[in-house]
Amino acid sequence: AKAAGRNTLRFFDPQMQAAASARATLEADMRLGLERNEFLLYYQPVVDAQARITGVEALVRWQHPERGLVSPAEFIPVAEQTGLILPLGQWVLETACAQLVEWSAQASTQRLTMAVNVSARQFRHPEFSNQLLSLLRVSGANPYRLKLELTESLLLSDIEDAIVKMGELRSIGVNFSLDDFGTGYSSLSYLKRLPLDQLKIDQSFVRDVLNDPNDAAIARTILNLAQSLDLGVVAEGVETKGQHEFLLRAGCKAFQGYLFGRPVPVVQLDLRVR
Ligand code: C2E
Ligand code: CA
Ligand code: CA
Ligand code: CA
(Lines give C-alpha, C1' and ligand atoms only; values in the text may rest on other atoms or scores of the structure.)
(Ligands and ions follow the chains in the order given, each with its own letter.)
Protein backbone atom coordinates (compact mmCIF):
# COMPACT_ATOMS: atom_id res chain seq x y z
CA ALA A 1 0.00 0.00 0.00
CA LYS A 2 2.88 2.26 0.85
CA ALA A 3 4.57 1.64 -2.50
CA ALA A 4 1.32 2.26 -4.35
CA GLY A 5 0.83 5.44 -2.38
CA ARG A 6 4.24 6.62 -3.40
CA ASN A 7 3.54 5.86 -7.04
CA THR A 8 0.26 7.74 -6.92
CA LEU A 9 1.99 10.66 -5.31
CA ARG A 10 4.71 10.64 -7.88
CA PHE A 11 2.18 10.56 -10.70
CA PHE A 12 0.53 13.77 -9.50
CA ASP A 13 3.66 15.45 -8.26
CA PRO A 14 3.76 18.73 -10.21
CA GLN A 15 7.48 19.11 -9.55
CA MET A 16 8.23 15.76 -11.09
CA GLN A 17 5.97 16.47 -14.02
CA ALA A 18 7.76 19.74 -14.60
CA ALA A 19 11.09 17.90 -14.51
CA ALA A 20 9.83 15.30 -16.97
CA SER A 21 8.63 17.91 -19.40
CA ALA A 22 11.86 19.89 -19.07
CA ARG A 23 13.69 16.67 -19.95
CA ALA A 24 11.46 16.08 -22.98
CA THR A 25 12.15 19.63 -24.19
CA LEU A 26 15.86 19.15 -23.66
CA GLU A 27 15.73 15.89 -25.62
CA ALA A 28 13.94 17.51 -28.57
CA ASP A 29 16.40 20.40 -28.43
CA MET A 30 19.35 18.03 -28.41
CA ARG A 31 18.11 16.25 -31.54
CA LEU A 32 17.90 19.60 -33.28
CA GLY A 33 21.25 20.63 -31.85
CA LEU A 34 22.90 17.54 -33.32
CA GLU A 35 21.45 18.35 -36.75
CA ARG A 36 22.49 21.98 -36.48
CA ASN A 37 26.02 21.25 -35.29
CA GLU A 38 25.58 23.07 -32.01
CA PHE A 39 27.95 20.78 -30.13
CA LEU A 40 31.64 21.48 -29.82
CA LEU A 41 34.64 20.11 -27.98
CA TYR A 42 36.63 21.97 -25.38
CA TYR A 43 40.07 20.70 -24.48
CA GLN A 44 41.73 20.78 -21.08
CA PRO A 45 45.49 20.27 -20.80
CA VAL A 46 47.03 17.34 -18.95
CA VAL A 47 50.56 18.09 -17.75
CA ASP A 48 53.55 16.10 -16.52
CA ALA A 49 55.65 16.62 -13.38
CA GLN A 50 57.48 19.49 -15.09
CA ALA A 51 54.14 21.11 -15.99
CA ARG A 52 54.62 20.37 -19.70
CA ILE A 53 51.50 19.55 -21.67
CA THR A 54 51.42 15.89 -22.63
CA GLY A 55 47.84 15.75 -23.80
CA VAL A 56 44.29 16.95 -23.37
CA GLU A 57 40.91 15.72 -22.25
CA ALA A 58 38.09 16.43 -24.68
CA LEU A 59 35.02 17.82 -22.91
CA VAL A 60 31.84 18.31 -24.89
CA ARG A 61 29.85 21.56 -24.79
CA TRP A 62 26.55 22.57 -26.29
CA GLN A 63 26.28 26.05 -27.76
CA HIS A 64 22.54 26.48 -27.68
CA PRO A 65 21.04 29.49 -29.53
CA GLU A 66 18.94 30.57 -26.53
CA ARG A 67 20.26 28.66 -23.55
CA GLY A 68 23.86 29.67 -24.21
CA LEU A 69 26.71 27.31 -23.38
CA VAL A 70 25.15 24.25 -21.75
CA SER A 71 27.22 22.07 -19.40
CA PRO A 72 27.57 18.35 -20.09
CA ALA A 73 26.46 17.70 -16.50
CA GLU A 74 23.05 18.87 -17.70
CA PHE A 75 22.72 17.10 -21.04
CA ILE A 76 24.88 13.95 -20.84
CA PRO A 77 22.49 12.23 -18.39
CA VAL A 78 19.54 13.04 -20.70
CA ALA A 79 21.54 11.85 -23.70
CA GLU A 80 22.18 8.59 -21.82
CA GLN A 81 18.51 8.09 -20.96
CA THR A 82 17.27 8.79 -24.47
CA GLY A 83 19.96 7.03 -26.46
CA LEU A 84 21.10 10.30 -28.02
CA ILE A 85 24.47 9.55 -26.47
CA LEU A 86 25.06 7.14 -29.38
CA PRO A 87 25.13 9.78 -32.16
CA LEU A 88 26.61 12.38 -29.79
CA GLY A 89 29.33 10.03 -28.56
CA GLN A 90 30.18 9.05 -32.12
CA TRP A 91 30.43 12.73 -33.05
CA VAL A 92 32.78 13.33 -30.09
CA LEU A 93 35.03 10.46 -31.16
CA GLU A 94 35.06 11.62 -34.79
CA THR A 95 35.90 15.18 -33.81
CA ALA A 96 38.61 14.07 -31.38
CA CYS A 97 40.18 11.80 -34.03
CA ALA A 98 40.11 14.61 -36.61
CA GLN A 99 41.92 16.84 -34.08
CA LEU A 100 44.54 14.15 -33.48
CA VAL A 101 45.14 13.91 -37.23
CA GLU A 102 45.58 17.69 -37.40
CA TRP A 103 48.06 17.61 -34.51
CA SER A 104 49.97 14.72 -36.06
CA ALA A 105 51.08 17.01 -38.91
CA GLN A 106 53.25 19.15 -36.62
CA ALA A 107 56.30 18.17 -34.64
CA SER A 108 55.22 20.31 -31.65
CA THR A 109 51.83 18.62 -31.30
CA GLN A 110 52.21 15.14 -32.75
CA ARG A 111 52.87 13.45 -29.41
CA LEU A 112 49.83 14.87 -27.63
CA THR A 113 47.37 12.32 -26.31
CA MET A 114 43.63 12.79 -26.52
CA ALA A 115 41.45 11.52 -23.69
CA VAL A 116 37.79 11.00 -24.57
CA ASN A 117 34.97 10.25 -22.13
CA VAL A 118 32.85 7.28 -23.08
CA SER A 119 29.51 6.74 -21.39
CA ALA A 120 28.05 3.43 -20.32
CA ARG A 121 25.37 3.11 -22.97
CA GLN A 122 27.85 4.02 -25.68
CA PHE A 123 30.47 1.50 -24.55
CA ARG A 124 27.93 -1.29 -24.02
CA HIS A 125 26.63 -0.99 -27.56
CA PRO A 126 27.58 -4.22 -29.36
CA GLU A 127 29.08 -2.27 -32.26
CA PHE A 128 31.20 0.07 -30.11
CA SER A 129 34.60 -1.46 -30.78
CA ASN A 130 33.88 -2.17 -34.47
CA GLN A 131 32.77 1.42 -35.01
CA LEU A 132 35.82 2.81 -33.29
CA LEU A 133 38.20 0.49 -35.12
CA SER A 134 36.75 1.63 -38.43
CA LEU A 135 36.81 5.29 -37.37
CA LEU A 136 40.49 4.97 -36.53
CA ARG A 137 41.19 3.33 -39.87
CA VAL A 138 39.20 5.84 -41.91
CA SER A 139 40.41 8.96 -40.06
CA GLY A 140 44.03 7.88 -39.92
CA ALA A 141 44.26 8.92 -36.26
CA ASN A 142 47.01 7.15 -34.32
CA PRO A 143 45.34 4.74 -31.85
CA TYR A 144 48.32 5.08 -29.49
CA ARG A 145 47.40 8.73 -28.97
CA LEU A 146 43.79 7.95 -28.05
CA LYS A 147 42.78 7.30 -24.45
CA LEU A 148 39.27 6.29 -23.50
CA GLU A 149 38.02 7.33 -20.06
CA LEU A 150 35.59 4.85 -18.54
CA THR A 151 33.94 4.77 -15.13
CA GLU A 152 33.88 2.01 -12.58
CA SER A 153 30.12 1.48 -12.70
CA LEU A 154 30.30 1.09 -16.46
CA LEU A 155 33.02 -1.55 -16.21
CA LEU A 156 31.42 -3.41 -13.33
CA SER A 157 28.04 -3.75 -15.01
CA ASP A 158 29.46 -6.34 -17.41
CA ILE A 159 33.09 -6.93 -16.70
CA GLU A 160 33.52 -9.85 -19.12
CA ASP A 161 32.18 -7.82 -22.03
CA ALA A 162 34.33 -4.85 -21.01
CA ILE A 163 37.49 -6.98 -20.90
CA VAL A 164 36.82 -8.29 -24.42
CA LYS A 165 36.14 -4.83 -25.87
CA MET A 166 39.10 -3.25 -24.14
CA GLY A 167 41.32 -6.09 -25.36
CA GLU A 168 40.24 -5.59 -28.97
CA LEU A 169 40.98 -1.89 -28.87
CA ARG A 170 44.16 -2.20 -26.84
CA SER A 171 45.59 -4.65 -29.34
CA ILE A 172 45.80 -1.81 -31.85
CA GLY A 173 47.15 0.69 -29.32
CA VAL A 174 44.14 2.43 -27.75
CA ASN A 175 44.68 3.30 -24.06
CA PHE A 176 42.20 3.05 -21.20
CA SER A 177 41.82 5.23 -18.15
CA LEU A 178 39.56 4.65 -15.16
CA ASP A 179 37.81 7.96 -14.49
CA ASP A 180 36.66 9.30 -11.11
CA PHE A 181 38.63 6.60 -9.37
CA GLY A 182 37.77 6.07 -5.72
CA THR A 183 34.16 7.21 -5.97
CA GLY A 184 32.77 3.82 -6.99
CA TYR A 185 32.84 0.37 -5.53
CA SER A 186 36.09 -0.89 -6.93
CA SER A 187 37.42 -4.07 -5.49
CA LEU A 188 41.07 -4.76 -5.99
CA SER A 189 40.44 -8.15 -7.54
CA TYR A 190 38.47 -6.68 -10.41
CA LEU A 191 40.90 -3.82 -10.85
CA LYS A 192 43.63 -6.39 -11.44
CA ARG A 193 41.61 -8.09 -14.17
CA LEU A 194 40.85 -4.98 -16.19
CA PRO A 195 43.28 -4.12 -18.98
CA LEU A 196 43.78 -0.52 -17.85
CA ASP A 197 46.63 1.92 -18.47
CA GLN A 198 45.73 4.62 -16.00
CA LEU A 199 43.65 5.73 -13.02
CA LYS A 200 42.32 9.22 -12.52
CA ILE A 201 42.14 10.40 -8.92
CA ASP A 202 38.74 12.01 -8.60
CA GLN A 203 38.69 15.73 -7.90
CA SER A 204 36.63 15.19 -4.76
CA PHE A 205 39.79 13.76 -3.11
CA VAL A 206 42.08 16.42 -4.55
CA ARG A 207 39.93 19.30 -3.34
CA ASP A 208 40.65 18.84 0.38
CA VAL A 209 43.86 16.90 0.12
CA LEU A 210 45.66 19.49 2.30
CA ASN A 211 43.01 19.76 5.00
CA ASP A 212 41.34 16.39 5.21
CA PRO A 213 43.63 13.57 6.39
CA ASN A 214 41.20 11.01 4.93
CA ASP A 215 41.42 12.50 1.46
CA ALA A 216 45.20 12.70 1.75
CA ALA A 217 45.29 9.03 2.74
CA ILE A 218 43.02 8.08 -0.17
CA ALA A 219 45.16 10.00 -2.66
CA ARG A 220 48.32 8.31 -1.34
CA THR A 221 46.67 4.90 -1.40
CA ILE A 222 45.58 5.35 -5.03
CA LEU A 223 49.10 6.39 -6.00
CA ASN A 224 50.64 3.37 -4.24
CA LEU A 225 48.05 1.02 -5.69
CA ALA A 226 48.67 2.33 -9.20
CA GLN A 227 52.38 1.89 -8.77
CA SER A 228 52.08 -1.71 -7.67
CA LEU A 229 49.69 -2.47 -10.53
CA ASP A 230 51.96 -0.61 -12.96
CA LEU A 231 49.31 1.93 -13.90
CA GLY A 232 49.70 5.64 -14.60
CA VAL A 233 47.83 8.19 -12.50
CA VAL A 234 46.35 11.57 -13.35
CA ALA A 235 45.17 13.80 -10.51
CA GLU A 236 42.18 15.83 -11.65
CA GLY A 237 40.77 19.07 -10.32
CA VAL A 238 44.15 20.47 -9.24
CA GLU A 239 43.46 24.14 -8.52
CA THR A 240 46.19 25.26 -6.14
CA LYS A 241 49.97 25.09 -5.85
CA GLY A 242 49.55 23.45 -2.45
CA GLN A 243 47.51 20.57 -3.91
CA HIS A 244 50.02 20.20 -6.73
CA GLU A 245 53.00 20.08 -4.36
CA PHE A 246 51.34 17.58 -2.07
CA LEU A 247 50.54 15.27 -4.98
CA LEU A 248 54.01 15.66 -6.49
CA ARG A 249 55.56 14.67 -3.17
CA ALA A 250 53.21 11.68 -2.98
CA GLY A 251 54.58 10.51 -6.34
CA CYS A 252 51.95 11.74 -8.77
CA LYS A 253 53.35 12.52 -12.22
CA ALA A 254 50.39 13.79 -14.22
CA PHE A 255 47.96 16.57 -13.43
CA GLN A 256 44.87 18.22 -14.73
CA GLY A 257 43.01 21.20 -13.33
CA TYR A 258 42.46 24.93 -13.40
CA LEU A 259 45.98 25.51 -12.05
CA PHE A 260 47.30 24.37 -15.44
CA GLY A 261 44.44 25.35 -17.69
CA ARG A 262 40.69 25.36 -18.00
CA PRO A 263 38.86 23.53 -20.77
CA VAL A 264 38.92 25.83 -23.83
CA PRO A 265 38.12 25.68 -27.55
CA VAL A 266 41.06 24.41 -29.58
CA VAL A 267 42.06 27.86 -30.84
CA GLN A 268 42.56 29.03 -27.25
CA LEU A 269 44.59 26.01 -26.23
CA ASP A 270 48.09 27.02 -25.20
CA LEU A 271 50.34 24.20 -26.37
CA ARG A 272 53.60 26.04 -25.88
CA VAL A 273 56.16 24.15 -23.90
CA ARG A 274 56.75 26.03 -20.66
P1 C2E B 1 34.83 14.38 -15.93
O2 C2E B 1 35.15 13.41 -17.01
O3 C2E B 1 35.17 13.97 -14.54
O4 C2E B 1 35.57 15.73 -16.34
C5 C2E B 1 36.19 16.59 -15.44
C6 C2E B 1 35.31 17.76 -15.13
O7 C2E B 1 35.98 18.57 -14.16
C8 C2E B 1 35.05 18.69 -16.31
O9 C2E B 1 33.74 19.22 -16.18
C10 C2E B 1 36.09 19.78 -16.12
O11 C2E B 1 35.76 21.00 -16.73
C12 C2E B 1 36.10 19.89 -14.62
N13 C2E B 1 37.37 20.40 -14.12
C14 C2E B 1 38.59 20.30 -14.66
N15 C2E B 1 39.54 20.88 -13.89
C16 C2E B 1 38.89 21.36 -12.80
C17 C2E B 1 39.32 22.07 -11.63
O18 C2E B 1 40.50 22.36 -11.43
N19 C2E B 1 38.35 22.38 -10.72
C20 C2E B 1 37.04 22.06 -10.90
N21 C2E B 1 36.17 22.41 -9.97
N22 C2E B 1 36.60 21.39 -12.01
C23 C2E B 1 37.51 21.04 -12.93
P24 C2E B 1 32.76 19.34 -17.42
O25 C2E B 1 33.54 19.71 -18.64
O26 C2E B 1 31.62 20.18 -17.00
O27 C2E B 1 32.27 17.85 -17.61
C28 C2E B 1 31.48 17.22 -16.64
C29 C2E B 1 31.33 15.76 -16.93
O30 C2E B 1 30.57 15.55 -18.12
C31 C2E B 1 32.65 15.03 -17.16
O32 C2E B 1 33.27 14.75 -15.94
C33 C2E B 1 32.17 13.80 -17.91
O34 C2E B 1 31.69 12.84 -17.02
C35 C2E B 1 31.00 14.36 -18.71
N36 C2E B 1 31.44 14.60 -20.10
C37 C2E B 1 32.08 15.68 -20.61
N38 C2E B 1 32.32 15.52 -21.93
C39 C2E B 1 31.84 14.29 -22.27
C40 C2E B 1 31.80 13.53 -23.49
O41 C2E B 1 32.28 13.93 -24.56
N42 C2E B 1 31.19 12.30 -23.41
C43 C2E B 1 30.67 11.81 -22.24
N44 C2E B 1 30.10 10.60 -22.25
N45 C2E B 1 30.72 12.49 -21.09
C46 C2E B 1 31.29 13.72 -21.10
CA1 CA C 1 36.87 12.34 -17.68
CA1 CA D 1 36.82 12.62 -13.84
CA1 CA E 1 33.40 13.49 -12.69
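One structure accompanies this document, and this report is about it.

Thresholds, definitions, all that
- Residues numbered from 1 in each chain as written.
- Chains lettered and ligands numbered in written order.
- Predicted model: local features only at pLDDT ≥ 70, side-chain atom pairs only at ≥ 80, totals over all residues.
- Heavy atoms only, no water.
- Donors = N, O, S within 2.8 Å, 3.2 Å for Na, K, Ca; no water.
- Helix = DSSP H or I, 4+ residues; strand = E, 2+ residues; numbered from the N terminus.
- Buried < 20%, exposed > 50% of the residue type's maximum accessible area, 1.4 Å probe, protein only.
- Contact = heavy atoms within 4.5 Å.
- Polar contact = N/O pair within 3.5 Å; in protein donor to acceptor, adjacent residues only side chain to side chain.
- Near = heavy atom within 4 Å.
- Areas by Shrake-Rupley, 256 points an atom, 1.4 Å probe, with all protein chains shown as cover.

Another aspect to go through is the coordination of the calcium ion (ligand 3). On the protein side, the calcium ion (ligand 3) has Asp179 (OD), Asp180 (OD), Glu236 (OE) and Glu236 (OE) as donor atoms, found 2.2 to 2.6 Å from it. The distance between the calcium ion (ligand 3) and the calcium ion (ligand 2) is 3.9 Å, with Asp179 acting as a donor to both metals. Taken together, the positions of Asp180 in strand 6 (residues 175–181) and Glu236 in the loop between strand 8 (232–235) and helix 12 (241–249) put the pair 56 residues apart, joining distant regions of the chain. Classification of Asp180 as partly exposed rests on a relative accessible area of 26%. Taking the relative accessible area as the measure of exposure, Glu236 reaches 8% and is therefore buried.

It is worth spelling out the environment of Leu146 at this point. Tracing the backbone shows Leu146 in strand 5 (residues 146–151). Owing to a relative accessible area of 0%, Leu146 belongs among the buried residues under this scheme. Those residues in contact with Leu146 that lie beyond four places of it in its chain are Leu100, Met114, Val116, Leu132, Leu136, Val174 and Asn175.

All right, on to the side chain of Asp29 then. By the element assignment, Asp29 lies in helix 2 (residues 14–35). Engagement of the side chain of Asp29 in a polar contact is seen with the side chain of Arg67, the distance being 3.3 Å. Asp29 has contacts with Trp62, His64 and Arg67, leaving out every residue within four places of it along the chain.

As a structural note, the neighbourhood of ligand 1 is formed by 20 residues, with Gln44, Arg61, Asn117, Glu239 and Tyr258 the closest of them. In this structure, Asp179 approaches ligand 1 through a side-chain N or O atom, which is 3.1 Å from an oxygen atom. Here an oxygen atom of ligand 1 sits 3.3 Å away from a polar atom, N or O, in the side chain of Asp180. Compared with its free state, where it exposes 800 Å², ligand 1 has 81% of that area covered by protein. Secondary structure elements with two or more residues in the shell around ligand 1: strand 2 (53–64), helix 3 (72–82) and strand 6.

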